[in-house]
Amino acid sequence: MTEWWDYGLADFLLFSPRVYYRLFETMNSVWWMAVLAAFVAGLVAAGMAMRHGHRGNRVILVLLSLIWAWASYGFVWQYYQPINWAVAYILPGFVIEVLLLLVFAARPLPLRFGWRGDLTSYVGAAIMVVAIVIYPFVGLLEGRDLIQAELFGSAADPTALGTLGFVLMARGTWRWLLLPVPLIWCAFAAATLWVMDQQIAYVMLIAVWLTIFSGWLDLKNGVTTRRLTKAELADPPPISD
Amino acid sequence: MSEIDRRRFMQGAGALGLSASLGALMPGVAHGALRKDVPDIIRKQVPSTGEAIPAVGLGSWITFNVGNDMALRDQCADVVSAFFNAGGRMIDSSPMYGSAQEVIGYCLDKLGAHDRVFSTDKVWTSGDGLDQISETRKRWNTRKFDLLQVHNLLGINDNLPLLFRLKNEGQLRYVGVTTSHGRRTEDLIAVMKNERLDFVQVTYNPVDRKVEEYLLPLAYDRGIAVIVNRPFRGGSLLDQLEGEPLPEFAAELEVESWAQLILKYLIAHPSVTCPIPATTNPAHAAENMRAATGRLPDDKMREQIAAVIGVLI
């Protein structure tokens, strides 16, 4: 008589939206310098990732790694875990993501970020823009204060969301390894937001679906499996379209 | 258990030791200070011992899970203060409720109210129950609970014997089991029939009345106290009734709100010992406690309450 499947999704909503959004208010107030630095690091990384053929691929990966490390400790562990014990089971995934990003940065042939003009690039860029520019301020439309903004780089949801965009903007073998943790988090976040009656849950679900679809397209077109050459990394070809 | 005529056990209200008082309740003294004098309110007996406890308690699901946010912790302390000042005693929590246990411990420490509370918590694990209870004690900053329950019957084969052992060793006063949302009714019935439980916790309100058919009569028959969770369906019942005028007959019960009407509906059931509404508002905590004063509805009026609410939602 120990059936865990007896529970429904709503049973695991342990907190109210009021308490949830207060987490961001408190973090943004107490750690404002770190939050701002992480946001700027995200903007810089996004700008570099959008530019075709930029050679700062390792910088982007290191910045993302630092951002994930900060979001893991600063938000997930310090603020979110006390009100949601389920998060403790996902936190090791955040550590894995940090390490994976560092491993990719240290590889002889790291991922190459850049606009390719294909559907995956459009999806990746759109997700990045939503995560960094739009998502943090959706709360304003719902009457929440600016201080409660969920900023990319610190808040887990936009950080995971934006990372999906970064990975879609990248090219190189094994890049899909960077997807499971942010995908799982986005699905988890969507479920949480759904039971809290927050419409933004749809954005997370759509991003998950688009990422999986784009990844499948890339796999089909050989983008994912084709190994980058040193020449490509050093001197990227011009945009074909 | 034989089928019990519903009318028969409705008549048993007196046997359960209802002691209503019309004594005026002061609204909860806001922001901290506990009053020494406790208002005289309706108390109901725990059948296994005869101990009388206030007929309304305080739940902590969602409302007390505020993490390390000190401003919100202090708001919770205001709720607890208002609850105690209005005569309340039973506070219920669970390891499942995030930081709620810790926050309750904070409130009791802040108010110096460990001697005022009827401490009610749960064991919710298929692993080491004793380890979890030890952690729960630390969070509440208490050495002995009044009541521990097996939460949603999880790991009951291990956890129920553990709770009985703690009770036998004097480390616990009462043993119970809980379910919610009408789940696992068959399992619950089996446990109620086969074990000497002090308490059972179930979902019950004027809309979710399935427990009236069998569980409440069984509890009455077996001498098991009943704690009622989700009296307002997690608040959604009150949201749906918001703005609707109270029925005329509510004036006879001296109720000020739908919340009080629903609580009186529950308290008046002879099997029910204590509904445990949750709130983040000190005024609501005091208002809920005022449902445990004055006249209670009779059988006919309870049916009217259920009918009116059934139509409105």
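Computed from a predicted model, the values in this text were never measured in an experiment.

Caption draft 1: Local environment of the overall build of chain A. Looking only at helices and strands, chain A features 10 helices and two strands. Helices (α) and strands (β) of chain A occur, in sequence order from the N terminus, as α-α-α-α-β-α-α-α-β-α-α-α. Of all 241 residues assigned to chain A, the portion counted as buried reaches 44%. Across chain A, the fraction of contacts at a sequence separation of at least 24, relative to all contacts at a separation of at least 6, is 75%.

Caption draft 2: Structural view of the overall build of chain B. Each helix and strand in chain B was counted, giving 11 helices and nine strands. Taken across its 313 residues, chain B has 53% of its residues classed as buried. Restricting the contact set of chain B to residue pairs at least 6 apart, pairs at least 24 apart contribute 80%.

Caption draft 3: Local environment of the interface of chain B and chain A. In this complex, chain B contributes 20 residues to the contact, which on the side of chain A involves 14 residues. Here the side of chain B that touches chain A is composed, by residue class, of seven nonpolar, nine polar and four charged.

Caption draft 4: View of the nonpolar core. Cys186(A), Met204(A), Val226(B) and Ile267(B) are the most contacted members of the largest nonpolar core, which has 165 residues in total. In terms of residue count, the dominant contributor to this core is helix H3 (residues 57-80) of chain A (12 residues). The residues touching Ile267(B), leaving out its near neighbours within four places in the chain, are Ile42(B), Ala55(B), Val272(B), Pro275(B), Ala291(B), Ala292(B) and Leu296(B).

Caption draft 5: Broad picture of the UniProt feature "transmembrane region" (unreviewed entry) in chain A. All names here are of chain A. With numbering matched to this structure, UniProt assigns "transmembrane region" (unreviewed entry) to residues 30-48, 60-80, 86-107, 119-139, 151-169, 176-194 and 200-219. With 95% helix and 0% strand, residues 30-48 has its two end C-alpha atoms placed 29 Å apart. A distance of 29 Å separates the end C-alpha atoms of residues 200-219, which is 95% helix and 0% strand.

Caption draft 6: Here's a closer look at the packing of helix H3 (residues 100-111) of chain B against helix H4 (residues 129-140) of chain B. Axis separation between H3(B) and H4(B) bottoms out at 7 Å; the angle between their running directions is 40 degrees. In this structure, H3(B) contributes Gln101(B), Glu102(B), Ile104(B) and Gly105(B) to the contact, and H4(B) contributes Thr136(B), Arg139(B) and Trp140(B).

Caption draft 7: Here's a closer look at the packing of helix H2 (residues 32-50) of chain A against H3(A). All names here are of chain A. Here H2 crosses H3 at 150 degrees, and the two axes come no closer than 9 Å. It follows that H2 is roughly antiparallel to H3 by the angle criterion. Of the two elements, H2 crosses H3, and the hand of that crossing is left-handed. Of the residues in H3, those in contact with Ala34, Ala38, Ala41, Gly42, Val44, Ala45, Met48 and Ala49 of H2 are Val59, Ile60, Leu63, Leu64, Leu66, Ile67, Trp70 and Gly74.

Caption draft 8: Examining the UniProt feature "domain: NADP-dependent oxidoreductase" (unreviewed entry) in chain B more closely. Feature annotation in UniProt places "domain: NADP-dependent oxidoreductase" (unreviewed entry) on residues 56-303 of chain B, given in this structure's numbering. Note that residues 56-303 of chain B is 41% helix and 15% strand, and that its end C-alpha atoms are spaced 21 Å apart.

Caption draft 9: Region of interest: the pairing of strand S7 (residues 199-203) of chain B. All names here are of chain B. A large share of S7 lies buried, amounting to four of its five residues. With helix H6 (residues 185-194) bridging strand S6 (residues 172-178) and its parallel neighbour S7, the resulting β-α-β unit is right-handed. Read from S7 through helix H7 (residues 215-222) to strand S8 (residues 225-229), the crossover connection turns out right-handed.

Caption draft 10: Summary view of the environment of Arg175(A). With respect to the helices, strands and loops of the structure, Arg175(A) is situated in the loop between strand S2 (170-171) and helix H8 (180-195). Exposure remark for Arg175(A): the 21 C-beta atoms within 10 Å place this residue in the buried category.

Caption draft 11: Examining unusual backbone geometry more closely. For Asp197(A), which is not a glycine, the phi torsion comes out positive at approximately 65 degrees. You can see Asp197(A) is positioned in the loop between H8 and helix H9 (201-221). The class for Asp197(A) is exposed, based on 9 C-beta atoms found within 10 Å. Notably, Arg233(B) is not glycine yet its phi reads approximately 55 degrees, a positive angle.

Caption draft 12: Highlighting the sheet that holds S6(B). Residue and element names in this part refer to chain B. The seven strands lie next to each other as S3-S4-S5-S6-S7-S8-S9, forming an open sheet whose pairing is parallel. At either margin of the open sheet sits one strand with a lone partner, and together these are strand S3 (90-92) and strand S9 (272-275). Strand-to-strand twist of the sheet, defined as the mean angle between neighbouring strand axes without regard to direction, takes the value 30 degrees.

Caption draft 13: Region of interest: H8(A). Residue and element names in this part refer to chain A. In a regular helix each residue adds 1.5 Å, so 16 residues correspond to 22 Å; H8 covers 23 Å between its end C-alpha atoms and thus fits that length. Those residues of H8 that fall on the buried side of the exposure criterion are Val181, Pro182, Trp185, Cys186, Phe188, Ala189, Ala190, Thr192 and Leu193. Lining the buried residues of H8 we find helix H4 (87-106), helix H7 (156-168) and H9. Aspartate 197 sits one or two residues past H8 and shows a positive phi near 65 degrees.

Caption draft 14: Structural view of the pairing of strand S4 (residues 118-123) of chain B. All names here are of chain B. Summarising burial for S4: six of the six residues are buried, a large majority. Every second residue of S4 is oriented toward a common face, with Phe118, Thr120 and Lys122 on one face and Ser119, Asp121 and Val123 on the other, all of them buried. Pairing of S3 with S4, which is carried by three bridges, proceeds in the parallel orientation. Along S4, the bridge assignment pairs isoleucine 91 with serine 119. Following the chain from S3 across H3 to the adjacent parallel S4, one finds a crossover that is right-handed. By the bridge criterion, four bridges tie S4 to strand S5 (residues 145-150) in an arrangement that is parallel. Its bridge partner being in S5, threonine 120 is matched across the sheet by leucine 147. Note that the unit made of S4, H4 and S5 has a crossover that is right-handed.

Calculation rules
Residues numbered from 1 in each chain as written. Chains lettered and ligands numbered in written order. Predicted model: local features only at pLDDT ≥ 70, side-chain atom pairs only at ≥ 80, totals over all residues. Helix = DSSP H or I, 4+ residues; strand = E, 2+ residues; numbered from the N terminus. Buried ≥ 20, exposed ≤ 12 C-beta atoms within 10 Å, placed from the backbone. Contact = placed C-beta atoms within 7 Å. Nonpolar A, V, L, I, M, F, W, Y, C, P; charged D, E, K, R; others polar. Core = buried A, V, L, I, M, F, W, Y, C linked by C-beta atoms within 7 Å. UniProt positions renumbered as here; feature names shortened; annotations may be inferred. Axes fitted to C-alpha atoms, helices over the stretch in contact; angles between N-to-C directions. Parallel < 35°, antiparallel > 145°, perpendicular 65-115°, else oblique. Left-handed = near helix turned anticlockwise from the far one by under 90°. Right-handed = clockwise from strand over helix to strand, strands pointing away. Pairing = 2+ DSSP bridges. Expected span 1.5 Å × (residues − 1).

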